[in-house]
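Given next are the chains, with one letter for each unit.
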Amino acid sequence: MIAFLRLIGMVLIVELIFYALIWIYIRSLRREELEKEWDRRHPERAGPSPERAEFVRRSMVGFSKTLRARLVGLVLVLPVVAIVVIIVIVNYN
Amino acid sequence: MRWFLTVLGVIFGIAVFSFLDYTLPSKQTVRITNTYNRLTDIGANAFFYASPDTGTVQNAQGQRDVRFIDTVRPNGKPYVYRNEDTGWIWPPYFKYDSSNLHAQATDLRSTAANPEWVSVTSYGWRIAWLSVYPNAISIKPVAGPEVKPFNWAAQIILLILGALLFLLWRMWNQFRERTIDPAVRSADAAWDRLDARADAARDRARGRMRRWWDGLRGR
């Protein structure tokens, strides 16, 4: 039983580390995309500026509600599904 | 320094390869000749057996009652598997049906005169001089000794590991491009500003010195 709890704990820790990393990563991708969008719309004011930072900040407001951001939650589900599949294949086949 | 890094890289490569070779499942077509339990001394080779808290009973002398499966390969050479539960952590096979597997293996025993071939999935190595045995995971009957089922499980795991590695690489590149490089650039810029200010201060001071010196000489 202790071993099983240890498995749950370790899987959870690894999942949360990956969740945080991927969360930071996709936010960074989106911000880069928005900066490029600003540069394309305002070729004469391209490059870092307070206006561009403000534009990116306002565009990022609803980001955590988008489908892409919610799909990061799969990181918490897929490893558990994989473990269940392995248990079934190894023990009940 | 270069040769040192090369040696380090080669050792790392061998370690990764051995780790995968030991942990990933492998399949082999064999003929089962015998199944039994044997009190087994577990000493320095304990690393290659299940960890003690997986249900295997260990007596005071450090011996365990381990299940074994004797087999013969198509080329006539013997190969021996152990049949142990793996427990919940490592390696992640989560196998707890060794009794069922043993019943199945016993059922599939055959003789050289009337062979019955099976494909055994296992992980681990057979090292005779260390008494190390691979752990059998599953047994499937096959038509003959030349039938070798494709090892899907290992290929899928390798693909997933490769995809994970690729993702980590992309994440690191993004982090470097968006966080480390700008920080280095702004530190460079700050240093340049500091440098320019120091230069200007030096020029001013030199001008003052020069004026003072010139004044001293009555110009």
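Now for a description of the structure that goes with this document. Because the structure is predicted, anything quoted here is derived from the model rather than measured. (Residues numbered from 1 in each chain as written. Chains lettered and ligands numbered in written order. Predicted model: local features only at pLDDT ≥ 70, side-chain atom pairs only at ≥ 80, totals over all residues.)

Moving on, we get to the overall build of chain B. Each helix and strand in chain B was counted, giving three helices and five strands. Element order for chain B, N to C, with α for helix and β for strand: α-β-β-β-α-β-β-α. The C-alpha atoms of chain B give a radius of gyration of 33 Å, which is well past the 17 Å a tight globule of 219 residues would have. Seen through its C-alpha atoms, chain B measures out along the principal axes to roughly 120 × 45 × 35 Å. Taken over 219 residues, chain B has a buried fraction of 17%. In chain B, once contacts between residues fewer than 6 apart in sequence are set aside, the share between residues at least 24 apart is 64%. (Helix = DSSP H or I, 4+ residues; strand = E, 2+ residues; numbered from the N terminus. Rg over C-alpha atoms; globule rule 2.2 N^0.38 Å. Buried ≥ 20, exposed ≤ 12 C-beta atoms within 10 Å, placed from the backbone. Contact = placed C-beta atoms within 7 Å.)

The secondary structure content of chain A amounts to four helices and zero strands. In sequence order, chain A lays out its α and β elements as α-α-α-α. For a compact globule of 93 residues, the expected C-alpha radius of gyration is about 12 Å, and chain A comes in at 20 Å, more than 25% above that figure. Seen through its principal axes, chain A has C-alpha atoms that stretch 65 × 25 × 20 Å. By residue count, 1% of the 93 residues in chain A fall in the buried class.

Attention now goes to the interface of chain B and chain A. In this complex, chain B contributes 15 residues to the contact, which on the side of chain A involves 16 residues. Of all the secondary-structure elements, those providing two or more residues to the side of chain B that touches chain A are strand 5 (135–141) and helix 3 (152–216) of chain B. No other element matches the three residues that helix 3 of chain B contributes to the side of chain B that touches chain A.

Looking now at the pairing of strand 2 (residues 63–72) of chain B. Residue and element names in this part refer to chain B. In the sheet, strand 1 (residues 26–41) pairs with strand 2 via ten bridges, with the strands oriented antiparallel. Within the sheet, the bridge partner assigned to Leu39 lies in strand 2 and is Asp65. Direction of pairing for strand 2 relative to strand 3 (residues 78–83): antiparallel, over a ladder of six bridges. Residue Val72 lies in a different strand from strand 3, and its bridge partner there is Pro78. Where strand 2 folds back onto strand 3 in an antiparallel hairpin, the turn is made up of five residues, including Gly76, whose phi is positive at roughly 90°. (Pairing = 2+ DSSP bridges.)

Residues and elements named next belong to chain B. Judged by nonpolar contacts, the single largest core of 17 residues is most densely connected at Ile69, Tyr81, Val120, Ala136 and Ile139. Among the secondary structure elements, those contributing two or more residues to this core are strand 1, strand 2, helix 2 (98–107), strand 4 (117–123) and strand 5. Ranked by the residues each element gives to this core, the list is headed by strand 5, at three residues. Leaving out residues up to four positions away in the same chain, Ala136 has contacts with Ile69, Tyr81, Asn83, Leu101, Val120 and Ser122. (Core = buried A, V, L, I, M, F, W, Y, C linked by C-beta atoms within 7 Å.)

Right, let's talk about the packing of helix 1 (residues 2–41) of chain A against helix 2 (residues 50–59) of chain A for a bit. Residues and elements named next belong to chain A. Between helix 1 and helix 2, the shortest axis-to-axis distance is 10 Å and the interhelical angle comes to 130°. By the angle between their axes, helix 1 is oblique relative to helix 2. Judged by the twist between their axes, the crossing of helix 1 over helix 2 is right-handed. Across the interface between the two elements, Arg31, Leu34, Glu35 and Trp38 of helix 1 pack against Arg52, Phe55, Val56 and Ser59 of helix 2. Considered class by class, the residues forming the contact of helix 1 with helix 2 number four nonpolar, one polar and three charged. (Axes fitted to C-alpha atoms, helices over the stretch in contact; angles between N-to-C directions. Parallel < 35°, antiparallel > 145°, perpendicular 65-115°, else oblique. Left-handed = near helix turned anticlockwise from the far one by under 90°. Nonpolar A, V, L, I, M, F, W, Y, C, P; charged D, E, K, R; others polar.)

Residue and element names in this part refer to chain B. Within the chain, Phe94 stands out as a residue other than glycine whose phi angle is a positive 50°. Take Phe94: there are 21 C-beta atoms within 10 Å of it, and that puts it in the buried class. At Ser131, a residue that is not glycine, the phi angle is positive and equals roughly 55°. Counting through the fold element by element, Ser131 comes out in the loop between strand 4 and strand 5. For Ser131, a count of 17 C-beta atoms within 10 Å gives the class partly exposed.

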